[in-house]
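Single-letter residue listing:
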Amino acid sequence: PASAMCACTSRLTRFLKDDELPEALDFCKFLCSVPVDGILIQDMGLFNILREACPEMPLHASTQMSLHTPGGAALLKELGASRVVLAREMSLKEIEEVSKKTDVELEAFVHGALCMCYSGQCYLSAVIGQRSGNRGLCAQPCRLPYSGSYPLSLKDLMLAGHVAELSDWGVSSLKIEGRMKRPEYAAIVTKVYSDLLREHRRPTAEERDILRRVFSRDGFTDGYYTGKLGDSMFGTKTDVPMNEVKKLYDEAAHRFAEGREAPLVPVSLCFTARKDTGAVLSADGVSVVMPVEQAQNRPTTPDDDRKIAQKTGGT
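Conventions we followed
- Residues numbered from 1 in each chain as written.
- Predicted model: local features only at pLDDT ≥ 70, side-chain atom pairs only at ≥ 80, totals over all residues.
- Heavy atoms only, no water.
- Helix = DSSP H or I, 4+ residues; strand = E, 2+ residues; numbered from the N terminus.
- Rg over C-alpha atoms; globule rule 2.2 N^0.38 Å.
- Contact = heavy atoms within 4.5 Å.
- Areas by Shrake-Rupley, 256 points an atom, 1.4 Å probe, with all protein chains shown as cover.
- Lys, Arg positive; Asp, Glu negative; His and termini not counted.
- Charge placed at Lys NZ, Arg CZ, Asp CG, Glu CD.
- Core = buried A, V, L, I, M, F, W, Y, C linked by side-chain atoms within 4.5 Å.
- Buried < 20%, exposed > 50% of the residue type's maximum accessible area, 1.4 Å probe, protein only.
- Salt bridge = Lys/Arg side-chain N within 4 Å of Asp/Glu carboxyl O.
- 1 Å grid on protein atoms, 1.4 Å probe; cavity = no way out; pocket = protein on both sides within 12 Å on 5 of 7 lines; lining within 4 Å.
- Points joined across faces, edges and corners; volume = space filled by probe spheres on them.
- Disulfide = S-S within 2.5 Å.
- Pairing = 2+ DSSP bridges.
- Axes fitted to C-alpha atoms, helices over the stretch in contact; angles between N-to-C directions.
- Parallel < 35°, antiparallel > 145°, perpendicular 65-115°, else oblique.
- Nonpolar A, V, L, I, M, F, W, Y, C, P; charged D, E, K, R; others polar.
- Patch = residues over 30% accessible without salt bridge, like charges linked within 9 Å, V, L, I, M, F, W, Y side chains within 5 Å.

Chemist: How should the overall build of the protein chain be read in this particular structure?
Modeler: The secondary structure content of the protein chain amounts to eleven helices and eleven strands. Radius of gyration (C-alpha) of the protein chain: 20 Å, near the 20 Å computed for a compact globule of 315 residues. Taken along its principal axes, the extent of the C-alpha atoms in the protein chain is 55 × 50 × 50 Å. Considering only residue pairs separated by 6 or more positions, the protein chain has 61% of its internal contacts joining residues 24 or more positions apart. For the protein chain, the accessible area works out to roughly 18700 Å², and carbon and sulfur atoms hold 56% of it. For the protein chain, the centre of its 39 positive side-chain charges and the centre of its 42 negative side-chain charges are spaced 4 Å apart.

Below, the structure written as structure tokens:
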């Protein structure tokens, strides 16, 4: 049966350039030394190298591989994948077919943002904004207005009403999208789905309302899953009164704090941003470097950065 997993999977889903391979291998070597559940991969070149270099490390085939057939899932298992994350655009009938004809672990998306394009096949962000969605840098052009409307903005996926049948059909893990979302969002949505999974039932009206209030785009869609495609699948971000969202976030943060067993450890952060050297965030000797872009309207101020850093709260 499907089970709520602790998300310790390291993500290496982006397509790699040749000169990036040594750094990727060094990172994977580090992952082999710490307790991660597996490495989620899109790049087949890296996948094949790691199958030989790290034979004991579970490798998961990312949804970015566009796997949506029994043959594709079977091939990845033959190549060494312990789990296949199915494409987000699949119907129940298609998921059932893959489950019946393969014995590899399956993971399916159940909640979160949907792209206008098929999983792993979008080049729109790279063409319009020079930021490739296939390399983890999507600029979300689907959410922008075109000719006064939003013809590319799909509603978020919600399969809360279908969790029991996915479990019955052999899906091993449920995937909740949370890129660029707050940790409270992840906690709230995960709790709803874990309750449904554990109790093998459909969501209550209250649970559906919680999911709507924490984030939605004019509601949700299950159009791909049910085959009910059309205009009803489109929507833009819904504005919910801040006091309603804050109440949900505060409850989630309190619940998280109550369940903490490990002690808090002080961490010193240092952030610098320069046009020539990029943005550098350092924490106790570990640094992350990202490119910066010239401000178009209002430059980022130290206060802006401080407010962002403080969103970690007491975690």
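On we go.
Chemist: In this structure, what is going on with the nonpolar core? I would like to understand it.
Modeler: Note on soluble globular proteins: their nonpolar side chains tend to be buried together. Core analysis: the largest hydrophobic core is formed by 60 residues, its most contacted members being Ile39, Leu50, Leu76, Val84, Leu166, Tyr193 and Leu211. With seven residues, the top contributor of residues to this core is helix H7 (residues 183-199). With near-sequence residues (within four places) excluded, Leu76 lies in contact with Met44, Phe47, Ala61, Met65, Leu67, Ala81 and Val84.

Chemist: Would you explain the pattern of salt bridges in this entry?
Modeler: Two side chains carrying opposite charge are able to pair once their charged atoms lie near each other. Using the criterion set out here, one finds 20 salt bridges in the structure. Linking Asp156 and Arg217 is a salt bridge whose minimum nitrogen-to-oxygen distance equals 2.4 Å. Pair noted here: Asp156 is in strand S6 (residues 156-158) and Arg217 is in the loop between helix H8 (205-214) and strand S8 (220-221), with a separation of 61 residues, a long-range link. Overall, the relative accessible area of 0% leaves Asp156 in the buried class. Take Arg217: its relative accessible area is 8%, and that puts it in the buried class. What emerges from the salt-bridge pattern is a single network uniting Arg83, Glu105, Glu107 and Lys175.

Chemist: Explain empty space enclosed by the protein here, please?
Modeler: Unoccupied space between atoms shows up once a probe the size of one water molecule is rolled over them. Using the criterion set out here, one finds one cavity of 30 Å³ or more in the structure. Of the pockets and cavities examined, the largest cavity occupies roughly 80 Å³. At the level of elements, strand S5 (105-112) and helix H9 (223-226) are the ones that each hand at least two residues to the lining of the largest cavity.

Chemist: Quick question: what am I supposed to make of the state of the cysteines here?
Modeler: Here is the idea: a disulfide is a covalent bond, and it sits between the sulfur atoms of two cysteines. Applying the stated criterion to the full structure yields zero disulfides. Between Cys115, a cysteine without a disulfide, and Cys138, which holds the nearest cysteine sulfur, the sulfur-to-sulfur distance is 6.1 Å. For Cys115, a relative accessible area of 33% gives the class partly exposed. In this structure Cys142 is not part of a disulfide, and its nearest cysteine sulfur, from Cys122, lies 5.7 Å away.

Chemist: Teacher, can you tell me more about the sheet that holds strand S10 (residues 278-283) here?
Modeler: Strand pairing in a sheet relies on backbone hydrogen bonds. The paired strands run either parallel or antiparallel. Pairing is antiparallel across the open sheet formed by three strands, whose spatial order is S9-S10-S11. Sheet topology places strand S9 (269-274) and strand S11 (286-290) at the edges, where each strand pairs with a single neighbour. Neighbouring strand axes in the sheet, compared pairwise and without regard to direction, differ in orientation by 15 degrees on average.

Chemist: Before we go on, may I ask you to explain the packing of H8 against helix H10 (residues 242-258) in this structure?
Modeler: To describe two helices that pack against each other, one gives the angle between their axes and the distance between the axes. H10 packs onto H8 with a crossing angle of 110 degrees between their chain directions and a minimal axis gap of 9 Å. Here H8 lies roughly perpendicular to H10, going by the angle between them. Taking contact as the criterion, the partners of Ile210, Arg213 and Val214 in H8 are, on H10, Glu244, Val245, Leu248 and Tyr249. Counted by class, the contact of H8 with H10 contains five nonpolar, no polar and two charged residues.

Chemist: In this structure, what is going on with a nonpolar patch on the surface? I would like to understand it.
Modeler: Taken together, Leu137, Val267, Leu269, Phe271, Leu281, Val288 and Met290 make up a surface patch of nonpolar side chains, about 610 Å² in accessible area. If you list the elements that add at least two residues to the nonpolar patch, you get S9 and S11. Counting through the fold element by element, Met290 comes out in strand S11.

No statement about biological role is implied by the geometric values presented.
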